[in-house]
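# Residue-level structure breakdown
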Amino acid sequence: MSLKKDFMWGVASASYQVEGAYNEDGKGLNIWDYYCQENQAIAHYENGNVACDHYHRFKEDVANMKKIGAKYYRFSISWARILPNGIGEVNQKGIDFYNSLIDELIANDIEPLITIFHWDYPMELYKLGGWLNPNSSDWFAEYTKVLVDNFSDRVKYWITLNEPQVFIGLGHATGSFAPFRKCSAKELAEMSHNVLLSHGKAVKILRQYAKQNVKIGLAPIGPSYNPASDDQKLIEIAREKTFDLDKDRFTLSLSWWSDPVFLGDYPKKAYEVLGNDMPTIHDGDMELISQPLDFYGVNIYQAEGIVYQDSIQEYHMPCDIYTTGQPLTQMGWPINDDCLYWSCKFLYDRYKLPILITENGTACHDRIFLDGKVHDPNRIDFLTRYLRSLKKASESGIDIIGYMYWSVMDNFEWADGYDKRFGLIYVDYQTQERTIKDSGYWYKSVIESNGENL
Ligand code: GCO
């Protein structure tokens, strides 16, 4: 046995990173639109105003997805394109855009998979306090209802939130991503609870109003600590570290977000280290937050650290601590061959749901060669290692249902701007010309053989 017969092979993107058309056809502004102009923390003062111009070029992009054999396209919806003020008036042109995208995908035998929220929070709601506002989960529910009413007839797979560790942890704790805030532990805990309530309300709406039997998940970051060997003692230390949290970095941890959703309560350690800073939990909140989901969606790029016999080498995600000579991706992230295996194992043992890899991939120093092609052997090597590790997980009995490569094409890599190229498709940002990289054609052969050629 290796990968499942109906394994979901896909590619992923997110609205702010690819769409562009930031002020067209009635779209409202979001916090990334706003802070990329205001804040000098973005590399080369870049922004997503045009990005890959996916808004206008989606047909060409879907055609390229078909050329690389993708069976699924995971994309996110721009909240402020649908509801320019975040709530209230609906922008029909925004709905029309996603309807056209969904129809184009289906016409090309590519199944759409929607992420409801991938960080581009409406500016008008942010002005009202954003995730700290007690009404924020109702706003999210209102937005979700519009999506469900308009798209659930054709879209079966739904992901509520992408990486709360990042939009709360990096956005509001370390202050390195929009809206570049450094909030107190109490504020972080309260906004986290509102985020989790938003997830819960969205699940409820999806189950109640969807026009078909939908499959719902969440996409937190899920890197684990990896044991350096199969030594049982090291495995148990790695497992414990994987689900640990501390007061300074609790919003960046895995268990802070996953335990409430999948186990029905915050981790014990959170109550210990946060004490009075824990959020106010009302009757019924945890039931709402922990409604059954269909799969555990997870974004995994690297291990959080490696556990050796007598020490732990910590990477700290996003990380900058390495051993000398450690192989790194263009992002400066360590390459850990075993990381998909260990992450999936620890997640499956704890949360017991089928796992969908909602993101994995690597940025490389890609460029167009003299022969007009993009040769990216580093990406092919990276993916061979990581996909073998995923296969090993599947062969060991872990229920892995699919893999979405991040990303379908090069795009705006948040605070890193456009330098970092993750795509299977190269984008020339001056001309918007697309070139399928060697890895794109290679991925096609992997999909065609369902991973047997790895
Ligand atoms: C994330 C996001 C993506 C990133 C990708 C590479 O995981 O940070 O979901 O938007 O672009 O992961 O960093």
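In what follows, the structure referred to is the one given above.
By the element assignment, aspartate 366 lies in the loop between strand S10 (355-360) and helix H15 (377-395). Sequence separation of aspartate 366 and asparagine 299 is 67 residues, and the distance between their C-alpha atoms is 22 Å. A distance of 2.6 Å separates a polar atom in the side chain of aspartate 366 from a polar atom in the side chain of lysine 437.

This part is about the state of the cysteines. In protein structure, a disulfide is the covalent linkage between the sulfur atoms of two cysteines. Following the criterion strictly, the structure yields zero disulfides and no others. Free of any disulfide, cysteine 183 has its nearest neighbouring cysteine sulfur in cysteine 36, separated by 19 Å. A disulfide-free cysteine, cysteine 364 has its sulfur positioned 15 Å from the sulfur of cysteine 339, the nearest such atom.

Before going further, it helps to spend a moment on the site of the ligand. In the region of the ligand, 13 residues are neighbours, and Gln17, Asn162, Glu163, Glu359 and Glu413 sit closest. The separation between an oxygen atom of the ligand and a polar side-chain atom of tyrosine 301 is 2.8 Å. With respect to the ligand, the side chain of glutamate 413 contributes an N or O atom lying 2.6 Å from an oxygen atom. Considered on its own, the ligand offers 310 Å² of accessible surface; in the complex 95% of this is hidden by protein. A breakdown of the residues in the shell around the ligand according to their chemical character gives six nonpolar, four polar and three charged.

Take the sheet that holds strand S1 (residues 8-12) next. What the eight strands build is an open sheet, ordered S5-S4-S3-S2-S1-S11-S10-S7; its pairing is parallel. Of all strands in the sheet, those with a lone pairing partner are strand S5 (215-219) and strand S7 (296-299), marking the two edges. Going across the sheet, the axis of each strand differs from the next one's by a mean of 25 degrees, ignoring polarity. As paired elements, strand S4 (residues 157-162) and S5 share four bridges and run parallel to each other. Looking across to S5, one finds that asparagine 162 is bridged to alanine 219. Its contacts with the sheet place helix H9 (residues 185-209) against strand S3 (111-117), S4 and S5, and it is angled at close to 165 degrees to S4.

Below, the discussion takes up the environment of serine 439. One can find serine 439 in helix H16 (residues 438-448). Beyond its immediate stretch of four places on either side in the chain, serine 439 contacts Asp376, Arg379, Ile380 and Leu424.

Bringing helix H11 (residues 255-263) into the picture now. By the criterion of burial, H11 is predominantly enclosed, with eight of the nine residues buried. Every buried residue of H11 is accounted for by Ser255, Trp256, Trp257, Ser258, Asp259, Pro260, Val261 and Phe262. Immediately downstream of H11, the backbone of glycine 264 shows phi near 85 degrees, a positive value.

Before going further, it helps to examine the pattern of salt bridges. Enumeration over the complete set of coordinates arrives at 28 salt bridges. With a shortest N-O distance of 2.6 Å, lysine 27 and aspartate 33 are connected by a salt bridge. Neither lysine 27 nor aspartate 33 differs from the other in exposure class; each is buried. The partner of lysine 241 in a salt bridge is glutamate 314, with the nearest N and O atoms 3.2 Å apart. Here glutamate 314 lies in strand S9 (residues 312-314) and lysine 241 lies in helix H10 (residues 232-242), a separation of 73 residues in the sequence. When salt bridges with common partners are traced through the structure, they connect Asp366, Asp376, Arg379, Asp410, Arg421 and Lys437 into a single cluster.

On to the pairing of strand S2 (residues 72-76). Burial analysis of S2 places five of its five residues in the buried class, which makes it a mostly covered element. Burial along S2 is two-sided: Tyr72, Arg74 and Ser76 and Tyr73 and Phe75, pointing in opposite directions, are all buried. Pairing geometry for S2 and S3, over five bridges, is parallel. Each residue of the ladder has a partner; that of tyrosine 72, found in S3, is glutamate 111.

Attention shifts here to helix H14 (residues 339-351). Helix length check: H14, at 13 residues, gives a terminal C-alpha distance of 18 Å against a target of 18 Å (1.5 Å per residue), a fit within 8%. Those residues of H14 that sit buried are Cys339, Leu340, Tyr341, Trp342, Ser343, Cys344, Phe346, Leu347 and Tyr351. Count one or two residues on from H14 and you reach lysine 352, which has phi positive near 60 degrees.

For the coordinates displayed, the defined rule picks out 52 aromatic pairs. Where phenylalanine 250 meets tryptophan 256, the ring centres are 4.8 Å apart and the plane angle is 80 degrees; that geometry is what we call edge-to-face. Like tryptophan 256, phenylalanine 250 is buried. Clustering of aromatic rings is evident, with ring pairs tying together Tyr16, Trp32, Tyr34, Tyr35, Trp119, Tyr126, Phe177, Phe180, Phe412, Trp414, Tyr418 and Tyr429. Here the basic side chain of arginine 81 rests over the ring of phenylalanine 97, its NZ or CZ set 5.9 Å away from the ring centre.

A word on the environment of serine 407. For serine 407, the position within the fold is in the loop between strand S11 (400-406) and strand S12 (425-428). Between the alpha carbons of serine 407 and aspartate 285 there is a distance of 35 Å; along the sequence they are 122 residues apart. Once you skip the residues sitting within four places of it in the chain, serine 407 turns out to touch Ala12, Phe422, Gly423 and Leu424. Side-chain polar atoms of serine 407 contact the backbone oxygen of methionine 409, separated by 2.7 Å.

We now examine unusual backbone geometry. Along the chain, alanine 178 connects to proline 179 via a cis peptide bond; the corresponding omega equals 5 degrees. Relative to the elements of secondary structure, proline 179 occurs in the loop between helix H8 (164-173) and H9. Backbone torsion omega between tryptophan 406 and serine 407 reads 5 degrees, so that peptide bond is classified as cis. For phenylalanine 180, which is not a glycine, the phi torsion comes out positive at approximately 55 degrees. Counting through the fold element by element, phenylalanine 180 comes out in the loop between H8 and H9.

Conventions used here
- Note that residues are indexed from 1 along each chain, following the sequence as it is written.
- Under the rules for a predicted model, residues below a pLDDT of 70 receive no local features and side-chain atom pairs below 80 are neither given nor counted, while totals for whole chains, interfaces and linings still include all residues.
- Think of the side-chain values as coming from all heavy atoms in the structure, minus any hydrogens and water.
- A run of H or I in DSSP becomes a helix once it reaches four residues, and a run of E becomes a strand once it reaches two; helices and strands are each numbered from the N terminus.
- Counted as a polar contact is a pair of N or O atoms within 3.5 Å, where, for protein atoms, one must be capable of donating a hydrogen and the other of accepting one, and residues adjacent in sequence contribute only when both atoms are in side chains.
- Note on terminology: disulfide denotes any pair of cysteine sulfur atoms within 2.5 Å.
- We call a residue near a molecule or strand when any one of its heavy atoms sits within 4 Å of it.
- The method behind every accessible area is Shrake-Rupley, applied with a 1.4 Å probe, and residues are considered shielded solely by the protein chains displayed.
- Following the grouping adopted for this structure description, the nonpolar residues are Ala, Val, Leu, Ile, Met, Phe, Trp, Tyr, Cys and Pro, the charged ones are Asp, Glu, Lys and Arg, and the polar ones are all others, Gly among them.
- Pairing between two strands is assigned when DSSP locates at least 2 bridges connecting them.
- Every axis in this analysis is a line fitted to C-alpha atoms, fitted for helices over the stretch in contact. Angles between the N-to-C directions lie between 0 and 180 degrees.
- Contacts are assigned to residue pairs that have any heavy atoms within 4.5 Å of one another.
- Throughout this description, buried means an accessible area under 20% of the type-specific maximum (1.4 Å probe, protein chains only), exposed means over 50%, and partly exposed covers the range between.
- Definition used for salt bridges: Asp or Glu carboxyl oxygen within 4 Å of a side-chain nitrogen of Lys or Arg.
- Multiplying one less than the number of residues by 1.5 Å gives the expected span of a helix.
- Working definition: a ring pair exists when centres of Phe, Tyr or Trp rings (six-membered ring for Trp) sit within 6.5 Å. Plane angles under 30 degrees give stacked, over 60 give edge-to-face, the rest tilted.
- Lysine NZ or arginine CZ positioned within 6 Å of the ring centre and within 35 degrees of the ring normal marks a charge as sitting over the ring.

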